[in-house]
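# Coordinate inspection notes
Residue-level listing of the chains:
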Amino acid sequence: MGEVLRVENLWKSYGRHEVLRGITFSINEGETKVIIGPSGTGKSTLLRCINLLVRPDKGKIFLDGEEITRPGVDEASVRARIGFVFQHFNLFLHLTALENVMLGLTKVRGLPREEAERIAKEALLSVGISEDLWRKYPAQLSGGQKQRVAIARAIAMNPRLILFDEPTSALDPELIGEVLKVMEKLAREGMTMLVVTHEIGFAMKVADEVMFMDEGRIVERGPPEEVILRPKHERTRRFLSRIWELYDLGVQR
Amino acid sequence: MIGDITYIIEEYWPLLLEGLKNTLIITAVSYAIGVALGLALALIRVYGPRPAAAAVTAYVEAIRGTPMLVQLFIIYYSLPAFGIVLDPLTAAIAAIGLNSGAYQAEYFRGAISAIPRGQWEAALSIGLRKWQAVRHVIIPQTWRVALPAMTNELIYLLKYSSIAYFVTVPELVFMGKYIGSKTYMYIQVYTIIAMIYVALALIASEGMARLEKKLSIPGISVTTPRQ
C-alpha cells in the first residue's frame, strides 16, 4: 500500500494568528483518517492547504510522492486528483445534479459528453441518487441529497484522495445518516479519505486513525478506540466529553 | 388632434420609419457593445491584476461622472483632431455603447459579488482552471442575477439613443423635429414619437421578461416574480 498523501511540518498564520503550527501526518492508499477537534483550530485550513486553495507559510505537501507545494506547480491538475466535499455542499447552482457531476468530466478530463454522462450517472447511483433526481437543480434537493451529489461529483473524477470538510455539519439531524452511510461505503470500498468531522460514531466505525487537533497542532493520534474511548491527553478528554454530552442528550432520550 | 396625427402618419410615415430604424440600430448595437464591454470590465475588475482593475475603476468613474452628451461631443468633435473621424451614426453608437459599458460593468460586478464564494472554490476544487471557472460557473450565474438590471439598461438606452440627434443622426427625435418644422404640428408629432417610444419600451421589457423566465433556474434568479 503506497503513500498517497504526506504533510510535513505545515505552518500557516493569518496576521498574528497562527492557525497551523507544524502539522505532520501521512495517509496510505485506501486509508480513512479522521480529524476531530474544536472549531477554529485549523482543521479547515489544513484541508484547504492540501487542496491548494490556501498557501501554507512553511512546510511541504506530497501527493503520490510529488511535492505539490513547490512553486510553479500546476494547481488545477493537482486539484483534479483530489476530491473536496464542502460543509455547505457548494453544488453549482445553475446546473442540475447530473450536470454538476459531469462538468469536471467534460471540462477537466476532456471526456466526450456521452461518456461523461455514463460515468456521472454511475457515480450518482452509487451515492443513492436515483434517476428522478438527476434533472433537479440544487435548490430542489434536500441537504442530504445535495451532499450526496457533491460526493458523487468528487468520486466521478476518480480522485486519489477525497477531503471532507465537516460534511454533515450543515445538515438537519435526520439527514446526517444517509450521508454518513455513503461515506462509510466509500471507505470500505477502499477510497482514500481525510475527514474532518464531529461524527465520532463514524470515526469509530471506519477510521484507520483519528487525529485530535487543537490550536493548530495534532495533540493526539491513534486508532479510534484509543483516541475516542481512552484519550490520553487532557484536552482531548475535555473535547470528547462535550461531544458525548450531545450524544447522550440526542440519542438516548 | 386625431385628424392631425393621422395626417402626419399618412404623409410622413417613410421619415418616421427611417427614424425608427436608426433608433433601433443605435439602441441594439450600443446595447450589444455595452453588454460585452460591461461583462469584460466587470471580470477584469473582480479577477484581473490590480493595475488593470484600477484602470477599469477609473474608466467607470470617468464615464459615470460626465454627461453622456459631453462624451458624445468628445467622440464626434474632438477625435477628428487625433485623426479619428467617425460618421454621426457610428459616433453615436460608440458614445452610447462606451457609456453603457461602464454602467453595465457595475451591474455585472454586483451580480458576480452576489455569487456565493463557495461556487468559485468548488469550481477550482474539481480542477477547473481559473478562466474555466469564470466561463462555466461564474458567467452563467452572473447573467441570471444581472438580467433585471440589464432590462432597465436596455430601456434607458432606447431613450438615450435620442442624443444622437445632437450629432445629426436622423433618428426618431430628429425626424420629429424635422416634421414639426414642416407642419408646425409639434405637439402632434411629439405625441406620435412618444407613443412609439412607449411601445418599444413595452416590447423590450416583455422580451426581457420572457428571456428571464426562460433562463430562470430555481434558487438563482433574484428577480421578483412579475404579476
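Residues numbered from 1 in each chain as written. Chains lettered and ligands numbered in written order. Predicted model: local features only at pLDDT ≥ 70, side-chain atom pairs only at ≥ 80, totals over all residues. Heavy atoms only, no water.

### Some details on the nonpolar core
For soluble globular proteins, the rule of thumb is that nonpolar side chains tend to be buried together. Selection criterion: Buried Ala, Val, Leu, Ile, Met, Phe, Trp, Tyr and Cys residues that are joined via side-chain atoms within 4.5 Å together make up what is termed a nonpolar core. Relative accessibility decides the category of a residue: with a 1.4 Å probe and only protein chains considered, values under 20% of the type maximum give buried, values over 50% give exposed, and everything between is partly exposed. Think of it this way: any DSSP run of H or I at least four residues long counts as a helix, any run of E at least two long counts as a strand, and we number them from the N terminus. Contacts are assigned to residue pairs that have any heavy atoms within 4.5 Å of one another.
Core analysis: the largest hydrophobic core is formed by 91 residues, its most contacted members being A:F25, A:L46, A:I50 and A:L194. With 13 residues, the single largest contributor to this core is helix α6 (residues 130–160) of chain B. Apart from the residues lying within four places of it in its own chain, the contact partners of A:L194 are A:L5, A:F25, A:I27, A:K33, A:I35, A:L47, A:I50, A:L161, A:I162, A:L163, A:F164 and A:M211. With 57 residues, the next largest nonpolar core counts A:V34, A:I36, A:A187 and A:A203 among its residues.

### Observations concerning the side chain of A:T69
All names here are of chain A. Using the following cut-off: We define a polar contact as two N or O atoms separated by no more than 3.5 Å, with the added condition that, inside protein, one atom must be a possible hydrogen donor and the other a possible acceptor, whereas residues neighbouring each other in sequence contribute only through side-chain atom pairs.
Tracing the backbone through its elements, the reader meets T69 in the loop between β5 (66–67) and α2 (75–80). Looking at T69, the relative accessible area reads 10%, which means it is buried. Of note is the side chain of T69, whose polar atom sits 3.0 Å from the backbone nitrogen of I61. One polar contact links T69 to E67, side chain to side chain, over a distance of 2.9 Å. Here T69 is in contact with R55, P56, G59, K60 and I61, once residues within four sequence places are set aside.

### Quick notes on empty space enclosed by the protein
Residues and elements named next belong to chain A. Heads up, the condition is: Grid points spaced at 1 Å and placed over the protein atoms alone form the basis of the search, with a cavity being a set where a 1.4 Å probe fits but cannot get out and a pocket an open set showing protein on both sides within 12 Å along at least five of seven lines. Lining residues have an atom within 4 Å of a point. Grid points are joined across faces, edges and corners, and a volume is the space filled by probe spheres set on the points. Gly is placed with the polar residues, together with every amino acid not listed as nonpolar (Ala, Val, Leu, Ile, Met, Phe, Trp, Tyr, Cys and Pro) or charged (Asp, Glu, Lys and Arg).
In total, this model carries 1 cavity of 30 Å³ or more according to the counting rule given. In this structure, the largest cavity encloses a volume near 60 Å³. Elements with a contribution of two residues or more to the lining of the largest cavity: α2, β6 (82–85) and α5 (143–156). Looking at the lining of the largest cavity element by element, the count peaks at 3 residues for β6. Of the residues assigned to the lining of the largest cavity, the class counts are 6 nonpolar, 2 polar and 2 charged.

### Section: helix α5 (residues 117–125) of chain B
Burial of α5(B) is extensive: 8 of the 9 residues sit out of reach of the surface. Among all positions of α5(B), only B:G118, B:Q119, B:W120, B:E121, B:A122, B:A123, B:L124 and B:S125 are buried. Among the structural elements, α1 (43–50), α2, β6 and α5 of chain A together with α1 (2–47) and α6 of chain B are those in contact with the buried residues of α5(B). Directly beyond the C-terminal end of α5(B), a positive phi value near 105 degrees is found at B:G127.

### Describing the interface of chain A and chain B
Under the convention used in this document: Computed with a 1.4 Å rolling probe, the buried area is the accessible surface lost when two parts are put together, summed over both parts. Each reported salt bridge corresponds to a side-chain nitrogen of Lys or Arg within 4 Å of a carboxyl oxygen of Asp or Glu.
Each partner contributes to the interface: chain A provides 24 residues, whereas chain B provides 22 residues. A buried area of about 2000 Å², summed over both sides, lies between chain A and chain B, and 64% of it is on carbon and sulfur atoms. Contact with chain B buries surface across chain A, with A:F92, A:L93 and A:H94 losing the most and accounting together for 29% of the total. Between the two partners, chain A and chain B, sit 2 salt bridges. Between B:R129 and A:D74 there is a salt bridge, with its nearest N and O atoms 2.9 Å apart. The interface formed by chain A and chain B contains 8 residue pairs in polar contact (both at pLDDT 80 or more). Contributing elements (two or more residues each) for the side of chain A that touches chain B: α2, β6 and α3 (97–107) of chain A. Split by residue class, the side of chain A that touches chain B holds 14 nonpolar, 5 polar and 5 charged.

### A few points about the packing of α3(A) against α5(A)
The packing of two helices is summarised by the inter-axis angle and the distance between the axes. Residues and elements named next belong to chain A. Applicable threshold: Here an angle of 0 to 180 degrees is reported between the N-to-C directions of two axes, which are lines fitted to C-alpha atoms, with helices fitted over the stretch in contact. The scheme is simple: roughly parallel for angles under 35 degrees, roughly antiparallel for over 145, roughly perpendicular for 65 to 115, oblique for anything else. A crossing counts as left-handed when the near helix is turned anticlockwise from the far one by less than a right angle, and as right-handed when that turn is clockwise.
Interhelical geometry of α3 versus α5 gives an angle of 25 degrees and a closest axis separation of 8 Å. The angle between α3 and α5 places the two elements in the roughly parallel class. The way α3 lies across α5 gives a crossing that is right-handed. Contacts from A97, N100, V101 and L105 in α3 reach V149, A152, R153 and A156 in α5. Looking at side-chain class alone, the contact of α3 with α5 contains 6 nonpolar, 1 polar and 1 charged residues.

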